[in-house]
Amino acid sequence: QKEVEQDPGPLSVPEGAIVSLNCTYSNSAFQYFMWYRQYSRKGPELLMYTYSSGNKEDGRFTAQVDKSSKYISLFIRDSQPSDSATYLCAMSRGSNYKLTFGKGTLLTVNP
Amino acid sequence: DSGVTQTPKHLITATGQRVTLRCSPRSGDLSVYWYQQSLDQGLQFLIQYYNGEERAKGNILERFSAQQFPDLHSELNLSSLELGDSALYFCASSVGLGEGYTFGSGTRLTVV
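Please read all numbers here as calculations on a predicted model, not as lab measurements.

Participant: Give me the layout of surface pockets: which residues, what numbers.
Facilitator: Estimated volume of the largest pocket: approximately 600 Å³. Taken together, 22 residues make up the lining of the largest pocket; nearest its centre are Q38 of chain A together with Q37, S38, L39 and L88 of chain B. Within the residue set of the lining of the largest pocket, elements represented by two or more residues are β9 (85-92) and β11 (105-110) of chain A together with β4 (31-38), β9 (87-94) and β11 (107-111) of chain B. Per-class residue counts for the lining of the largest pocket are eight nonpolar, ten polar and four charged. The space that makes up the second largest pocket amounts to roughly 350 Å³. Around the second largest pocket, the lining is made up of 17 residues, and of these E3, T100 and F101 of chain A together with L43 and Q44 of chain B lie nearest the centre.

Participant: Go over the sheet that holds strand β3 (residues 19-25) of chain A, please, and point to the residues and values.
Facilitator: All names here are of chain A. Read across the sheet, five strands follow the order β1-β3-β8-β7-β6 without closing on themselves; strand pairing throughout is antiparallel. Here the strands that pair on one side only, and so sit at the sheet edges, are β1 (4-6) and β6 (54-58). Taken over all neighbouring pairs, the strand axes of this sheet differ in orientation by 15° on average, direction set aside. Direction of pairing for β6 relative to strand β7 (residues 61-66): antiparallel, over a ladder of five bridges. Within β7, the residue paired with K56 across the bridge is A63.

Participant: Account for the interface of chain A and chain B, with residues named and values stated.
Facilitator: At the junction of the two partners, chain A supplies 20 residues and chain B supplies 24 residues. Both sides of the chain A and chain B interface together cover about 1800 Å² of buried area, and 50% of this is carbon and sulfur. The tally of links between chain A and chain B comes to six residue pairs in polar contact (both at pLDDT 80 or more). If you list the elements that add at least two residues to the side of chain A that touches chain B, you get β4 (32-38), β5 (45-51) and β9 of chain A. For the side of chain A that touches chain B, the element with the highest residue contribution is β4 of chain A, accounting for four residues. Class assignment of the residues belonging to the side of chain A that touches chain B gives a composition of ten nonpolar, six polar and four charged.

Participant: Explain the state of the cysteines residue by residue, including any values.
Facilitator: Taken as a whole, this structure holds two disulfides over all chains when the rule is applied. The partner cysteine of C23 of chain A in its disulfide is C89 of chain A, sulfur to sulfur 2.0 Å. On the S-S bond that ties C23 of chain A to C89 of chain A, the torsion sits near -100°, and the link is left-handed. Note that C23 of chain A is positioned in strand β3 and C89 of chain A in strand β9, a separation of 66 residues in sequence. As far as the burial class goes, C23 of chain A and C89 of chain A line up, both buried. Paired by a disulfide, C23 of chain B and C91 of chain B hold their sulfur atoms 1.8 Å apart. What sets the handedness of the C23 of chain B and C91 of chain B disulfide is the S-S torsion sign, and at about -50° it is left-handed. With C23 of chain B in strand β3 (residues 19-24) and C91 of chain B in strand β9, the pair connects residues that are 68 residues apart, well separated along the chain. According to the relative accessible area criterion, C23 of chain B is buried, its value standing at 0%.

Participant: Quick rundown of the packing of aromatic side chains? Include the residues and the values.
Facilitator: Considering all chains together, one arrives at 13 aromatic pairs over all chains under this definition. Between the aromatic rings of Y25 of chain A and F33 of chain A, the centroid separation amounts to 5.3 Å while the plane-to-plane angle is 45°, which identifies the pairing as tilted. Judged by relative accessible area, which is 5%, Y25 of chain A ranks as buried. With a centroid separation of 5.4 Å and 80° between ring planes, the pair formed by Y36 of chain A and F103 of chain B is classed as edge-to-face. Taken together, the residues span two chains, with Y36 of chain A in strand β4 and F103 of chain B in strand β10 (residues 102-103). F103 of chain B carries the same exposure label as Y36 of chain A, and that label is buried. Positioned above the aromatic ring of Y97 of chain A is the side chain of R55 of chain B, whose terminal nitrogen or guanidinium carbon lies 5.0 Å from the ring centre. Between the NZ or CZ atom of R55 of chain B and the centre of the ring of Y50 of chain B, over which it lies, the distance is 5.8 Å.

Rules used in this analysis
Residues numbered from 1 in each chain as written. Chains lettered and ligands numbered in written order. Predicted model: local features only at pLDDT ≥ 70, side-chain atom pairs only at ≥ 80, totals over all residues. Heavy atoms only, no water. 1 Å grid on protein atoms, 1.4 Å probe; cavity = no way out; pocket = protein on both sides within 12 Å on 5 of 7 lines; lining within 4 Å. Points joined across faces, edges and corners; volume = space filled by probe spheres on them. Helix = DSSP H or I, 4+ residues; strand = E, 2+ residues; numbered from the N terminus. Nonpolar A, V, L, I, M, F, W, Y, C, P; charged D, E, K, R; others polar. Pairing = 2+ DSSP bridges. Axes fitted to C-alpha atoms, helices over the stretch in contact; angles between N-to-C directions. Contact = heavy atoms within 4.5 Å. Buried area = accessible area lost by both parts, 1.4 Å probe. Polar contact = N/O pair within 3.5 Å; in protein donor to acceptor, adjacent residues only side chain to side chain. Disulfide = S-S within 2.5 Å. Buried < 20%, exposed > 50% of the residue type's maximum accessible area, 1.4 Å probe, protein only. Phe/Tyr/Trp six-rings, centres within 6.5 Å; stacked < 30°, edge-to-face > 60°. Lys NZ or Arg CZ within 6 Å of the ring centre and 35° of its normal.

Shown next as structure tokens:
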């Protein structure tokens, strides 16, 4: 079983839709949870960073972590064509530990 | 600009050769991480350095090695290159105080 599982998609939605992206994980030692956005052949860009369980909101983005279920989510409201990218979940045991990534979900937002 | 600088951006080399990839972390970041990204494997952790010392190793091949210098920049050395080593190589850095990890724009390595 992989440590982090993420549905690779692809996911295609119309502009303005609410997008839900999810990851599950198996390692209960993970404490820090991140979502990255990666445009084609570019470096991953940090979108959201959360510690332990709970919700975090930043503009159109909301990250949720449920440690009891080992499940994390990213919601994108009012999705835009510029949101079209690969979204990667990532997690670590601590702030100076390696990140373990999901394989990424390819999202396309159609105008 | 993320603040993490990777050079070169592109590299084309022949099988059996050796190359060196360079990474300068964000100012103040002590940790440097190297990742390999191929189409079928996603982002795979290779190795981490913290303030000059090796901190963690992932699935890094014996043909690959890395180091972090006193000025905190890091180099990843890839030798006896094979076609399968063609990939994007990313460097990331973190300050280690509860912030996220910042990635560079990567080095695209093509082995022919």
